[in-house]
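Structure assessment
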Amino acid sequence: MSRDTLGRAEPVAAPRPVPLRRPRRASRTEARNARAAAGFVLPFLAVFALCFLAPIGYALYQSLHRTERTGPLGLGGREHEAFAGLDNYAHALSDDRFLTGFGRVLLFGAVQIPLMIVLATALALLLESAAARWVPFFRSAFFLPYGVPGVIASILWGFLYVPGISPLVKIADSLGWQVDFLSRGTVLWAIANIVTWQFTGYNMLVLIAQLKAVPGELYEAARIDGASAWQVARHIKIPLIRPALVLTTVFSIIGTLQLFAEPMVLRPLASSIDSGFTPNLHAYSEAFVGNNQHVAAAEAVLLALVACVLSFGFLRLVGGRAKEGG
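A brief structural summary. Since this is a predicted model, take the numbers as computed values, not measurements.

This part is about the overall build of the chain. The helix and strand tally for the chain stands at 13 helices and four strands. A burial count over the chain gives 32% of its 326 residues as buried. The long-range fraction of contacts in the chain, counting pairs at least 24 apart against all pairs at least 6 apart in sequence, stands at 65%. Taken as a whole, the chain presents about 20,900 Å² of accessible surface, with 66% of it coming from carbon and sulfur.

Here is the structure:
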């Protein structure tokens, strides 16, 4: 406070706050860390763009164009690409074999996926709760089929399906059963058997990893309260591994729509498997047999869209049920 000539007190202005300045060394450290982070992320982004985004973009481009040929009957002259709009998609959606293949894989998934997930869950619960010395052996044995490539697995099972050389068919014949694994009515389920044999062990390991993350105190508290092993599995283990169950189911949905290797390998052995047996097989035939890569690209885009719709639809469904249950 100060006083004027009349003796009145005058307010003294408060000092202005001095802006805080960040140390120059700290800003340099943050910039260095940002450059280091970018150095780790940029290679991944480059590979991701090259191996994922670029093929998707090129497939979309191909699906919107068509090849035009000049000359008599289109057999001579030059070739050039012209914009086709949605004509390739209309052609794919009007192909009965392509649509029938979609219905076939949807039926395949509706039966095979629940069966495989239930089997993988049962194996995971049994092996996680067992204390026997052979548990690591059985865990590795169940996972071993996943290490076999799909083509090799289809060839191995093909020998078990073909009449005349199959021991399974011979055993069935000795019992008076007429079995044909490659007939029109059973070949789809023969393929389902191959897929189940190959991927059940993989899903089992995913579920076991989730079970290992559950605190053991929950099991001890349940046993103290008198809960049986079945009650512990039903009310504690299965609800807590729900994220892993959702993950394996989504992967199985995507894998089902991409079904290709098994019918492709078994096709020479089964006359019931044609070029439109699955959507992937139909797109392959359009591109490399019919030399119509534009329609094949449109079918691949449609297949990807259906996979996205089914996957996100399933996630939304289970997410809504989780909220209602919570």
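Two elements in contact, helix H9 (residues 229–240) and helix H10 (residues 242–257), have axes whose closest approach is 4 Å; the angle formed by their N-to-C orientations is 55°. Classified by the angle between their axes, H9 and H10 sit oblique to one another. Contacts from Ile 238, Pro 239 and Leu 240 of H9 reach H10 at Arg 242, Pro 243 and Leu 245. The class makeup of the residues in the contact of H9 with H10 is five nonpolar, no polar and one charged.

It is worth spelling out the layout of surface pockets at this point. If you add up the space inside the largest pocket, you get close to 770 Å³. Of all the secondary-structure elements, those providing two or more residues to the lining of the largest pocket are helix H1 (24–63), H10, helix H12 (279–288) and helix H13 (293–325). Tallying contributions element by element places H13 first for the lining of the largest pocket, with 13 residues. Taken together, the residues of the lining of the largest pocket break down into 26 nonpolar, four polar and no charged.

Looking now at the nonpolar core. Membership of the largest hydrophobic core comes to 22 residues, with the highest contact counts inside it found for Ala 124, Met 204, Leu 207, Leu 211 and Tyr 219. Going through the elements one at a time, helix H3 (96–129), helix H7 (187–212), helix H8 (216–224), H9 and H10 are the ones with two or more residues in this core. Ranked by residues supplied to this core, first place goes to H3 with seven residues. With sequence-adjacent residues up to four places away left out, Leu 207 is seen in contact with Ala 120, Thr 121, Ala 124, Ile 241, Ala 244 and Leu 245.

With that settled, consider the packing of aromatic side chains. This structure, assessed with the given rule, holds 14 aromatic pairs. Between Tyr 146 and Tyr 202 the ring centres are 4.6 Å apart and the planes differ by 25°, which places this aromatic pair in the stacked class. A residue pair is termed long-range when its members are at least 10 positions apart, and Tyr 146 in the loop between helix H4 (135–143) and helix H5 (150–161) and Tyr 202 in helix H7 qualify at 56 residues. Relative accessible area serves as the criterion here: at 34%, Tyr 146 is assigned to the partly exposed category.

Right, let's get into the packing of H5 against H7. Packing of H5 against H7 leaves a shortest axis separation of 10 Å and a crossing angle of 130°. Considering their axes alone, H5 and H7 lie oblique with respect to each other. Crossing angle aside, the handedness with which H5 passes H7 is right-handed. From H5, Gly 150, Ala 153, Ser 154, Trp 157 and Tyr 161 reach across to H7, where they touch Ala 190, Asn 193, Ile 194, Trp 197 and Gln 198. Taken together, the residues of the contact of H5 with H7 sort by class into six nonpolar, four polar and no charged.

Once that is clear, we can look at the environment of Val 179. Checked against the element boundaries, Val 179 lands in the loop between helix H6 (167–174) and H7. With a relative accessible area of 28%, Val 179 lands in the partly exposed category. Residues within four places of Val 179 in sequence aside, it is in contact with Val 169 and Ala 172.

What follows deals with H7. In this model, H7 (26 residues) spans 38 Å end to end at C-alpha, consistent with the 38 Å of a helix rising 1.5 Å per residue. Of all the bends in H7, the greatest, near 35°, is centred on Phe 199.

Another point: H9. In this model, H9 (twelve residues) spans 15 Å end to end at C-alpha, consistent with the 16 Å of a helix rising 1.5 Å per residue. Looking at the buried side of H9, the elements it contacts are H3, H7 and H8.

Mapped onto the elements, Val 206 comes out in helix H7. Taking C-alpha positions, Val 206 is 9.6 Å from Ile 241, a pair spaced 35 residues apart along the chain. Residues in contact with Val 206, not counting those within four places in the same chain, are Ala 244, Leu 247 and Thr 248.

Residues Phe 40, Val 41, Leu 42, Phe 44, Leu 45, Phe 48, Phe 52, Leu 53, Ile 56 and Leu 60 make up a contiguous nonpolar surface patch of about 980 Å² in total accessible area. Secondary-structure assignment places Leu 45 in helix H1.

On to the side chain of Ser 285. The topology assignment puts Ser 285 in helix H12. In this structure Ser 285 comes out as buried when scored by relative accessible area, which is 11%. Not counting residues within four places of it along the chain, the set of residues in contact with Ser 285 comprises Arg 267, Ser 275 and Gly 290.

Cut-offs and rules
- Residues numbered from 1 in each chain as written.
- Predicted model: local features only at pLDDT ≥ 70, side-chain atom pairs only at ≥ 80, totals over all residues.
- Heavy atoms only, no water.
- Helix = DSSP H or I, 4+ residues; strand = E, 2+ residues; numbered from the N terminus.
- Buried < 20%, exposed > 50% of the residue type's maximum accessible area, 1.4 Å probe, protein only.
- Contact = heavy atoms within 4.5 Å.
- Areas by Shrake-Rupley, 256 points an atom, 1.4 Å probe, with all protein chains shown as cover.
- Axes fitted to C-alpha atoms, helices over the stretch in contact; angles between N-to-C directions.
- Parallel < 35°, antiparallel > 145°, perpendicular 65-115°, else oblique.
- Nonpolar A, V, L, I, M, F, W, Y, C, P; charged D, E, K, R; others polar.
- 1 Å grid on protein atoms, 1.4 Å probe; cavity = no way out; pocket = protein on both sides within 12 Å on 5 of 7 lines; lining within 4 Å.
- Points joined across faces, edges and corners; volume = space filled by probe spheres on them.
- Core = buried A, V, L, I, M, F, W, Y, C linked by side-chain atoms within 4.5 Å.
- Phe/Tyr/Trp six-rings, centres within 6.5 Å; stacked < 30°, edge-to-face > 60°.
- Left-handed = near helix turned anticlockwise from the far one by under 90°.
- Expected span 1.5 Å × (residues − 1).
- Bend = angle between axes of the 7 residues up to and from the residue.
- Patch = residues over 30% accessible without salt bridge, like charges linked within 9 Å, V, L, I, M, F, W, Y side chains within 5 Å.
- Salt bridge = Lys/Arg side-chain N within 4 Å of Asp/Glu carboxyl O.

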